[in-house]
Amino acid sequence: MRILAILPLIALSGTAHALTLEQSVAEALNKNPRLLQKYAHFEAKYRDKRTAFSEYLPQIRLYAAYGYENVTNNSGNAVDTEMDRRELGLKISQMLFDGFKTSSDVARLDYEMRADQQSLVSEAENIGLEVSQVYLDLIKAQEIVKLQQKNVVDHQNILKDIQSRKSKGLSSDADVAQVQARLTTAQSGLLAAKNNQFDLEANYYDLVGSYPDNLMIPKPDANYLPTDLKQAIDLAVTSHPEVSAANLDINAASKQIERDKSGYWPKLALELDVNDNENIGGFEGPDDDARIMLTMSYDLYNGGRTNAKTEASKWRYQEATAIRDNTLRQVTEGTKLAWNAYTFVGEQKNFYQQNVDFASQAQQGYDKQFDLGRRSLLDVLDSKIELFVARRNYLNAAFDERKASYRLINATGKLVEALRVDTPEAWRLEDDKE
């Protein structure tokens, strides 16, 4: 018997959790309404297949009736207007051959069910990527807030130093005003960074269903990262669940053609009829009969319905093929874009690291030269800003590189597996469990 509800993956309490990325993805897969919608569709298709399979089994029908019967003969005279009629019958029929309709229908629904299963897995992959992105963005936002706070503190220290110099006659009101202007800009940037962090926390809650706390920087599994673009594309087109679902839809469309062709064949069935009637047709007393028969029916002409249904199914097959081809193109394009981002962002991060090193050296040198009177206050402030921007750019590049790694794994359809997250048992088919 299949499970009707998705079982919890991780038992957690409270409103704020110290969650790893893997735990966050597991929580999202367990609670996200988009997945629950996909899962409900998958379960419905499973029962559609069971409905079609019922045509293989005997059909048993019990019939009973009781009422008043008025019978007239050819001369128009009433025979017995007070007769009470009773009918009781049992009919058992077993389909022997229906033109391959049932077998094709069961196979079609099985392919559709498996396609829905792959769509469910694909949705889990997409949600896993969304959680990964917002998880990393949130950690980056927290680091940006720390960087902005340090920038504010640096400007506050400079302001204290300039105010001290002014009190000694070594600086001017213009210098103080200039530092104050830069400080307010830094404070405004800090507020913007905090606002962005709060927005990302809301996004995290929308995906995961709980608020984040004590997030840890994740590291993608290098075993799931392709070594070159060709390997990435080959892996994507062979293992991505959307491609698998599209291929299964083609198989389902092929079986739909066979199903609709069943109208060209005769139908054979074995039927057993047993009746226990009384007061039938104006004759008082029992009227019992029993018979077992091999029946055959054959549509010699049905208005062209079978031809039309078969032609429609063939066009649906062409539609499914076109969808599969388009899916392959989209998966290939997505993999190329992910690979490009993964490759170039990594190279870009190295340049930003050099930028931070050089900007740090320049800033330290400007501080010393300012103390010696060889640099202006504006030079020092500009060097502070340049170092701050360099550090922020490096943070962005470093986190973008990790995001690109998870995006590349997702493009190959292996993100949930790479995160070691187990999908619910209810998502699996019986032969998958074996």
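Residues numbered from 1 in each chain as written. Predicted model: local features only at pLDDT ≥ 70, side-chain atom pairs only at ≥ 80, totals over all residues. Heavy atoms only, no water.

Student: Would you take a moment to explain the overall build of the protein chain for this structure?
Tutor: What the protein chain contains, in helices and strands, is 10 helices and 6 strands. By its C-alpha atoms, the protein chain is 135 × 50 × 40 Å across when sized along the principal axes. The buried share of the protein chain, reckoned over its 434 residues, is 40%. Taking as baseline every contact in the protein chain between residues at least 6 positions apart, the subset at least 24 positions apart corresponds to 81%. (Helix = DSSP H or I, 4+ residues; strand = E, 2+ residues; numbered from the N terminus. Buried < 20%, exposed > 50% of the residue type's maximum accessible area, 1.4 Å probe, protein only. Contact = heavy atoms within 4.5 Å.)

Student: How should the pattern of salt bridges be read in this particular structure?
Tutor: When charged atoms on two side chains of opposite charge get close, those side chains can pair. Summed over all chains, the structure comprises 29 salt bridges. Linking arginine 34 and glutamate 123 is a salt bridge whose minimum nitrogen-to-oxygen distance equals 2.7 Å. Taken together, the residues arginine 34 in helix H2 (residues 33–53) and glutamate 123 in helix H3 (residues 101–167) connect sequence positions 89 residues apart. Across the pair aspartate 105 and arginine 259 runs a salt bridge, and its minimum N-O distance is 3.0 Å. One end of the pair, aspartate 105, is in helix H3; the other, arginine 259, is in helix H6 (residues 241–260), and 154 residues separate them in sequence. Of the two residues, aspartate 105 and arginine 259, neither departs from the other in class, the shared state being buried. Several salt bridges converge on common partners, so that one network encompasses Lys45, Asp105, Arg108, Glu112, Arg259 and Asp260. (Salt bridge = Lys/Arg side-chain N within 4 Å of Asp/Glu carboxyl O.)

Student: Can you walk me through the environment of glutamine 197 in this structure?
Tutor: Residue placement: glutamine 197 occurs in helix H4 (residues 173–208). For glutamine 197 and leucine 138, which are 59 residues apart along the polypeptide, the C-alpha to C-alpha distance reads 6.2 Å.

Student: What's the story with the packing of aromatic side chains in this structure? I'm lost.
Tutor: The geometry of an aromatic ring pair comes down to the distance between the two centres and the angle between the two planes. Enumeration according to the criterion identifies 8 aromatic pairs in this entry. Between phenylalanine 97 and tryptophan 265, the ring centres sit 5.6 Å apart and the planes meet at 80°, which makes this aromatic pair edge-to-face. With phenylalanine 97 in strand E3 (residues 83–97) and tryptophan 265 in the loop between H6 and strand E5 (267–280), this residue pair connects regions lying 168 residues apart in the sequence. What makes tryptophan 265 partly exposed here is its relative accessible area of 41%. (Phe/Tyr/Trp six-rings, centres within 6.5 Å; stacked < 30°, edge-to-face > 60°.)

Student: What is the right way to look at the sheet that holds E3 in this model?
Tutor: Pairing between the strands of a sheet comes from backbone hydrogen bonds, and it takes one of two forms, parallel or antiparallel. Pairing is antiparallel across the open sheet formed by 4 strands, whose spatial order is E2-E3-E5-E6. Strands with a single pairing partner mark the edges of an open sheet, and in this sheet they are strand E2 (59–69) and strand E6 (283–297). Between one strand axis and the next, the sheet turns through 10° on average, direction left out of account. (Pairing = 2+ DSSP bridges. Axes fitted to C-alpha atoms, helices over the stretch in contact; angles between N-to-C directions.)

Student: Please explain the confidence of the model for the protein chain as it appears in this structure.
Tutor: Interpretation of the predicted coordinates at a detailed level should be avoided for regions scoring low in pLDDT. This prediction gives the protein chain a mean pLDDT of 87; 92% of its residues lie at or above 70. Ranking the helices and strands of the protein chain by mean pLDDT puts H6 first, with 95, and strand E1 (residues 16–18) last, with 52. The model gives residues 1–17 a pLDDT under 50, and that stretch makes 42 contacts with residues more than four places away or in other chains. (pLDDT = per-residue confidence, 0-100.)

Student: Can you walk me through the side chain of serine 383 in this structure?
Tutor: Summarising the element assignment, serine 383 is placed in helix H8 (residues 377–411). When neighbours within four sequence positions are excluded, serine 383 is seen to be in contact with Gln363 and Tyr366.

Student: I would appreciate a short explanation of the pairing of E2 in the present structure.
Tutor: A regular strand carries its side chains on alternate faces of the sheet. Counting buried residues in E2 gives 1 out of 11 residues, a small share hidden from the surface. Summarising the sheet, E2 and E3 pair through 11 bridges and their orientation is antiparallel. When the sheet's bridge partners are listed, tyrosine 68 is paired in E3 with aspartate 84.

Student: Please explain helix H5 (residues 229–239) as it appears in this structure.
Tutor: Think of an α-helix as turning once every 3.6 residues; residues three or four places apart then point the same way. Of the residues making up H5, those classed as buried are Ala232, Ile233, Ala236 and Ser239. In a view along the axis of H5, the buried residues occupy a sector of 160°, so they form one face of it. Facing away from the buried side of H5 by more than 90 degrees, the exposed set consists of Lys230 and Thr238. The elements touched by buried residues of H5 are H6, helix H7 (305–371) and H8. At the N-terminal end of H5, a side-chain oxygen is found 3.2 Å from the backbone nitrogen of lysine 230, two or three residues along, and the residue is aspartate 228. (Arc of directions from axis to C-beta. Polar contact = N/O pair within 3.5 Å; in protein donor to acceptor, adjacent residues only side chain to side chain.)

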